[in-house]
Amino acid sequence: MQLRYTPYRLELRNPFRLAHGSRTGTDTVVVQLTANGHVGFGEASMPPYLGESTASVTAFLSRIDTAQLQLGNPVATRHYIDGLSPTDNAAKAAIEMAFIDLLAKTNGVPSRTLFGVAAAATPPTAFTIGISTLHELPEKLKQAEHFHIIKLKLGGENDEELFDDVRKLTDKPLMVDANQGWATAEYALRMIDRFAHQQVLLVEQPLPTHTDPETWHWLKERSSLPIFADESVKRLTDLPMAKDLFHGINIKLMKCTGMYEAFDMMQYARANGLKVMMGCMTESACATMAAAQLAPLADFADLDGPWLIANNPYLTPTLHEGRIVLSTTSGHGAIPLAPLHPFA
Ligand code: MG
């Protein structure tokens, strides 16, 4: 088995403004695993706040012993990858993603079949609109025209005004993502009450990750909208805490080390009354199509990464009625636009 990887910077179509900063691009590392005439594709996406970088991801990948990546023993392979370090979650997701793509292609099945996912229908995927001015909104909503749900990033200075502006321009259902930007539970509750009964499906990460459990619990008890954890939940080990504090969780491959753990988190969530959103970072169709393979198990999908990028190195997925169409071919269904990978 041959492992290759190279850095690739994704340029964003719109500068991405969030409660905690703004950026014009996202660094990724693209990974290819080759064996038996098949190529498995993987990707690590590194938004700066998660603490990984091109340097840390390539350092992690340089430690991979490909003899330990065993197509005949996925369980051992998963534990080998996870055991290499206590962190490096996106790097782990990238190598595991390439491994599962290769495994599915070797078996001639879509990746979801390896997880026992029979259904191919994904939930409608949300299209994200970052913190915007009124002047910018019509163009951004036009970019969202093929999507049936909008994820609106709030947590800035003028949330009520921005929300009202969006509501004047579209009647599509909204997800509100405050990205930790509301300072107190009382303020968050006021915003939630303000946005309830206005076609808002859920509110994501209203408060900072350092908020104490009692405060989260206070808000959950009073909230008229479902509260989803994003930054507060990364891995399976976070869920026993999360099940009492949130109505749902946003699972992202880059946070949770990859598809195997994402699947386990979905099972845990289902058994413990948590709703699930399958989400993504700003990432290409490679990671997004891997996540989409598990999306039939989710209640919500936020898999708009490829549509936010100007220089997508993979074919943009097909949408049907706002839902990502899963490939019936083997693997994840990500198709690279050759020759965009100058591997060293
Ligand atoms: Mg979020």
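Before reading further, recall that the structure is shown in the block above.
Since we're looking at a predicted model, the values are computed, not measured.

Cut-off values and rules
- Residues numbered from 1 in each chain as written.
- Predicted model: local features only at pLDDT ≥ 70, side-chain atom pairs only at ≥ 80, totals over all residues.
- Heavy atoms only, no water.
- Core = buried A, V, L, I, M, F, W, Y, C linked by side-chain atoms within 4.5 Å.
- Buried < 20%, exposed > 50% of the residue type's maximum accessible area, 1.4 Å probe, protein only.
- Helix = DSSP H or I, 4+ residues; strand = E, 2+ residues; numbered from the N terminus.
- Contact = heavy atoms within 4.5 Å.
- Phe/Tyr/Trp six-rings, centres within 6.5 Å; stacked < 30°, edge-to-face > 60°.
- 1 Å grid on protein atoms, 1.4 Å probe; cavity = no way out; pocket = protein on both sides within 12 Å on 5 of 7 lines; lining within 4 Å.
- Points joined across faces, edges and corners; volume = space filled by probe spheres on them.
- Nonpolar A, V, L, I, M, F, W, Y, C, P; charged D, E, K, R; others polar.

Visitor: Is there a simple way to think about the nonpolar core in this case?
Guide: Across soluble globular proteins, nonpolar side chains show a tendency to be buried alongside one another. Core analysis: the biggest nonpolar cluster contains 104 residues, and Ile95, Trp182, Ile249 and Met278 have the highest contact counts within it. Broken down by element, the residue count for this core peaks at eleven residues, all from helix α3 (residues 89-107). Filtering out sequence-adjacent residues up to four positions away, isoleucine 249 remains in contact with Phe228, Ala229, Val233, Leu239, Ala242, Ala269, Leu274, Lys275, Val276 and Met277. Residues Ala126, Leu202, Met277 and Phe300 belong to the second largest nonpolar core, which totals seven residues.

Visitor: Please clarify how the packing of aromatic side chains should be interpreted in this entry.
Guide: A ring pair, where both rings are aromatic, is described by two values, the distance of the centres and the angle of the planes. Here the structure, examined in full by the defined rule, presents ten aromatic pairs. Between tryptophan 182 and tyrosine 187, the ring centres sit 6.3 Å apart and the planes meet at 75°, which makes this aromatic pair edge-to-face. Tryptophan 182 gets classed as buried once you look at its relative accessible area, which sits at 0%. When its relative accessible area of 27% is taken as the criterion, tyrosine 187 is described as partly exposed. Relative to phenylalanine 300, the ring of phenylalanine 228 lies with its centre 5.8 Å away and its plane at 85°, an arrangement referred to as edge-to-face. Pair noted here: phenylalanine 228 is in strand β8 (residues 227-229) and phenylalanine 300 is in strand β11 (residues 300-301), with a separation of 72 residues, a long-range link. Judged by relative accessible area, phenylalanine 228 falls into the buried class, the value being 1%. Three or more aromatic residues joined by ring pairs make a cluster, and in this case those are Phe163, Trp182, Tyr187 and Phe195.

Visitor: Would you explain the layout of surface pockets in this entry?
Guide: Any space left empty among the atoms is revealed by the rolling of a water-sized probe across them. Taken as a whole, the largest pocket holds about 210 Å³ of empty space. What lines the largest pocket is a set of 15 residues, among which Met289, Leu315, Ser327, Gly333 and Ile335 lie closest to the centre. In terms of residue class, the lining of the largest pocket is made up of eight nonpolar, six polar and one charged. Approximately 170 Å³ is the volume attributed to the second largest pocket. The wall of the second largest pocket is formed by Ile131, Ser132, Thr133, Leu134, Gly156, Glu157, Asn158, Asp159, Glu161, Leu162 and Asp165.

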